[in-house]
Amino acid sequence: MDRTRFELGEDRIPRAFYNIAADLPSPPPPPLNPGTGQPIGPQDLAPLFPMELIKQVVSTDREIEIPDPVRDAYALYRPSPLIRAHRLEKALDTPAHIYYKYEGVSAPGSHKPNTAIAQAFYAQQEGVKRFATETGAGQWGSALAFAGALFGIEVKVYMVRASYDQKPYRRILMETYGAQVVASPSPDTHYGQSLLAENTGHPGSLGVAISEAIEDTVTHPGTKYSLGSVFDFVLLHQTVIGQEAIEQMAMAGEEPDVIIACVGGGSNFAGLAFPFIGRQLRGEASYRVIAVEPEAAPSLTRGRYEYDFGDTGEMAPLVKMHTLGHNFVPPPIHAGGLRYHGMAPLVSKLVDDGIVEARAVHQNATFEAGLRFARTEGIVPAPESNHAIRVAIDEALEAKAEGRQRTILFNLSGHGHFDLAAYESYLAGKLEDFEYVPVELKEAVAA
Ligand SMILES: *Cc1c(COP(=O)(O)O)cnc(C)c1O
């Protein structure tokens, strides 16, 4: 019998995060202070983040040790399994071998606790009492609420109004873990109040919620800001995924030809891909690496590579990234985790350098792939993960057309148990494919 699961024991939880800065030919351009336009220093970030995280951002050490209490908490769900998709391969009648790393085994159901746990630990070490954060669909909010519960830190979540109304179960999960959740824009910040004064029914956006969480942080002593993607240290913490996957692919006796993950801010992609890309940068191997984004918010394939704000209120640092503009509000696709106007600067740099390939896919095509996956492998994927599955299937079908073996590895970043309403819409034929409309065009139409 061909093996299906490749499992590692608890003792194989990685002992260090992999820092790609050590292997990059040149560093990405530095983040800039929004007030002065000068490169930001540790003192600019100190009000927002624990010092240890700031140190990690400037470090060029290849390995950054993972503290034991973090590894102990990871042991609740790590190492995550690597699974060979035998049944999907058979259904596609492809000579390709398809493997997926399954991050839906964490309690909140995605890869996000990998960084939430690390951030909560460092904060606790430095005496932080409370976190303020934003969440779109609620996955990040539930990951931080979970980590806050483990390390005794209060969590306040600004949840995008549209999701708050449409997705009550994620909110209830956060509250079950002990977090306080408000709809954003909220009356709890000046920025939120100003938006509500203009429009009491403001639907909110991730960019708005980030601005509220930052304002909350700087106005509440003992509070730090926490975020679940985009920043270098978030990507760093996620590299436990790829390090485990390297070991598990070796157990399977294969090297991937293609590595695939979806991208919203870029963290699950970086988590799986960076340890492999590091090998490539050191001349030890060579891979095709594909980042998959939604057609509705196509920052890598249609955005500009330039300095932009990470948030709508222009409070976050300016970073050089692929961006659709910080005023871009993505259409209401169900993959809430992919509705962001920008991209992690490290991922943007690798795309700009030609090391990573980017592809954009439409919503219905991703659900078609997700359904095929559910009906062969049994796991109902998160709508975000369906983007990776779409391209994994396309790669497997291409291998079939060429009559050649190809080894495909993708990240199944989470399960879709809280997203069944999205599947219901798809099954009823009611899902829309949104075309990308640039901000300039929208403004021209409105004028
Ligand atoms: C949040 C989320 C994403 C998108 O975030 P990245 O930082 O791009 O990984 C993808 N998949 C799932 C399941 C998520 O929860």
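Residues numbered from 1 in each chain as written. Predicted model: local features only at pLDDT ≥ 70, side-chain atom pairs only at ≥ 80, totals over all residues. Heavy atoms only, no water.

Glancing now at a nonpolar patch on the surface. Together, Tyr 169, Ile 172 and Phe 418 make up an exposed nonpolar region whose accessible area comes to about 310 Å². Along the polypeptide, Phe 418 turns up in the loop between strand 15 (407–412) and helix 18 (420–427). For Phe 418, a relative accessible area of 32% gives the class partly exposed. (Patch = residues over 30% accessible without salt bridge, like charges linked within 9 Å, V, L, I, M, F, W, Y side chains within 5 Å. Areas by Shrake-Rupley, 256 points an atom, 1.4 Å probe, with all protein chains shown as cover. Salt bridge = Lys/Arg side-chain N within 4 Å of Asp/Glu carboxyl O. Helix = DSSP H or I, 4+ residues; strand = E, 2+ residues; numbered from the N terminus. Buried < 20%, exposed > 50% of the residue type's maximum accessible area, 1.4 Å probe, protein only.)

Tyr 74, Phe 269 and Phe 274 are the most contacted members of the largest nonpolar core, which has 90 residues in total. Here Phe 274 is in contact with Tyr 18, Ile 20, Leu 235, Thr 239, Phe 269, Leu 346, Val 347 and Leu 350, once residues within four sequence places are set aside. In this structure, Ile 83, Tyr 100, Ile 290 and Val 292 belong to the second largest nonpolar core, which totals 26 residues. (Core = buried A, V, L, I, M, F, W, Y, C linked by side-chain atoms within 4.5 Å. Contact = heavy atoms within 4.5 Å.)

At a closest axis distance of 8 Å, the pairing of helix 16 (residues 363–377) and helix 17 (residues 385–402) adopts a crossing angle of 80°. With respect to helix 17, the axis of helix 16 lies roughly perpendicular. Along the contact surface, helix 16 presents Ala 365, Thr 366, Phe 367, Glu 368, Ala 369, Gly 370, Arg 372 and Phe 373, while helix 17 presents Asn 386, His 387, Ile 389, Arg 390 and Ile 393. Its residues assigned to classes, the contact of helix 16 with helix 17 comprises six nonpolar, four polar and three charged. (Axes fitted to C-alpha atoms, helices over the stretch in contact; angles between N-to-C directions. Parallel < 35°, antiparallel > 145°, perpendicular 65-115°, else oblique. Nonpolar A, V, L, I, M, F, W, Y, C, P; charged D, E, K, R; others polar.)

Judged by how many residues are buried, strand 8 (residues 180–184) sits mostly within the fold: four of five residues are covered. The sheet contact formed by strand 7 (residues 154–160) and strand 8 spans five bridges and is parallel. For Val 157, the partnering residue across the bridge sits in strand 8 and is Val 181. (Pairing = 2+ DSSP bridges.)

Moving on, we come to the site of the ligand. Surrounding the ligand, one finds 18 residues, the nearest of these being Lys 112, Ser 229, Gly 264, Ser 267 and Asn 268. Take Lys 112: an N or O atom from its side chain is 2.6 Å from an oxygen atom of the ligand. Protein burial of the ligand: of its 380 Å² of free accessible surface, 98% is covered by the chains. (Near = heavy atom within 4 Å. Polar contact = N/O pair within 3.5 Å; in protein donor to acceptor, adjacent residues only side chain to side chain.)

On to the pattern of salt bridges, then. A full pass over the atoms with the stated rule returns 26 salt bridges. Where Glu 247 meets Arg 12, a salt bridge forms, and the shortest distance between an N and an O atom there is 2.8 Å. Taken together, the residues Glu 247 in helix 12 (residues 240–252) and Arg 12 in the loop between strand 1 (5–6) and strand 2 (16–18) connect sequence positions 235 residues apart. The class for Arg 12 is partly exposed, based on a relative accessible area of 39%. Put simply, Arg 304 and Glu 306 hold a salt bridge, and the shortest N to O gap is 3.3 Å. The class for Arg 304 is exposed, based on a relative accessible area of 52%.

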